[in-house]
Amino acid sequence: DSGVTQTPKHLITATGQRVTLRCSPRSGDLSVYWYQQSLDQGLQFLIQYYNGEERAKGNILERFSAQQFPDLHSELNLSSLELGDSALYFCASRGAGGAGTEAFFGQGTRLTVV
Amino acid sequence: GQNIDQPTEMTATEGAIVQINCTYQTSGFNGLFWYQQHAGEAPTFLSYNVLDGLEEKGRFSSFLSRSKGYSYLLLKELQMKDSASYLCARGAAGNKLTFGGGTRVLVKP
């Protein structure tokens, strides 16, 4: 158990809908990262937060948004869903121990858009 | 992602050695991570290199050359359970962490 919790584990929804994925980082970790992984693909970086503030943005679509709350949990909102948004969405958290601090990943949310 | 390149797939025999190469953009570089990911599961940390040279951890070793923007992960005495994807990830200032596309390693008996 990495200590990073993602809910829900599975989500099936229709095109055009909106969903919210939730991530609770490891206790004390201030950094949260979101990644998208389509079938047999690598991890595509979406967005990073540090202590409530957006730190870096990757290839995140305008239909997607995220935030990190004062209790450090984070939510990724996906709207106007398309079939191509079907993927595993991973959240990772990282402590403030310096550049060599490893990131711990949650088990992911598997999103299926039908 | 940010010019991190690694081979897509490699096949090796049980008991053999496999070397997975990774090249990355050197500007703003702040360390190189390797992760292992079994299909459908979360990536798990294997190693971190920030200085040039080889770091050995049991059957797995990782090498870094900062000037060349190059790293490799060496898997020795391959076991069937080592069949997985191996992800190279580049750290950068601001706690940024970007992954390559991953190398799928298939271990055959």
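This report concerns the structure included in the present document.

Analysis parameters
Residues numbered from 1 in each chain as written. Chains lettered and ligands numbered in written order. Predicted model: local features only at pLDDT ≥ 70, side-chain atom pairs only at ≥ 80, totals over all residues. Heavy atoms only, no water. Contact = heavy atoms within 4.5 Å. Buried area = accessible area lost by both parts, 1.4 Å probe. Salt bridge = Lys/Arg side-chain N within 4 Å of Asp/Glu carboxyl O. Polar contact = N/O pair within 3.5 Å; in protein donor to acceptor, adjacent residues only side chain to side chain. Helix = DSSP H or I, 4+ residues; strand = E, 2+ residues; numbered from the N terminus. Nonpolar A, V, L, I, M, F, W, Y, C, P; charged D, E, K, R; others polar. Phe/Tyr/Trp six-rings, centres within 6.5 Å; stacked < 30°, edge-to-face > 60°. Buried < 20%, exposed > 50% of the residue type's maximum accessible area, 1.4 Å probe, protein only.

So, on to the interface of chain B and chain A. Each partner contributes residues to the interface: chain B has 19 residues there, and chain A has 26 residues. Approximately 1,700 Å² of surface area, both sides summed, lies buried where chain B meets chain A, with 52% of it carried by carbon and sulfur atoms. Counting the surface chain B buries against chain A, the share from its top three residues, Asn 95, Leu 97 and Phe 99 of chain B, is 29%. For the pair chain B and chain A, the number of links is zero salt bridges. Across the contact surface, chain B and chain A share nine residue pairs in polar contact (both at pLDDT 80 or more). Elements with a minimum of two residues in the side of chain B that touches chain A: β3 (29-37), β4 (44-49) and β9 (96-99) of chain B. With four residues, β3 of chain B is the single largest residue contributor to the side of chain B that touches chain A. Class assignment for the residues of the side of chain B that touches chain A results in nine nonpolar, seven polar and three charged.

Turning next to the packing of aromatic side chains. Summed over all chains, the structure comprises 17 aromatic pairs over all chains. Each ring, one from Tyr 35 of chain A and one from Phe 99 of chain B, has its centre 5.2 Å from the other, and the planes form 90°; the classification is edge-to-face. Residue Tyr 35 of chain A is located in strand β4 (residues 31-37), and its partner Phe 99 of chain B is located in strand β9; the two belong to separate chains. With a centroid separation of 4.6 Å and 45° between ring planes, the pair formed by Phe 33 of chain B and Tyr 48 of chain B is classed as tilted. One end of the pair, Phe 33 of chain B, is in strand β3; the other, Tyr 48 of chain B, is in strand β4, with 15 residues separating them in the sequence. According to the relative accessible area criterion, Phe 33 of chain B is buried, its value standing at 0%.

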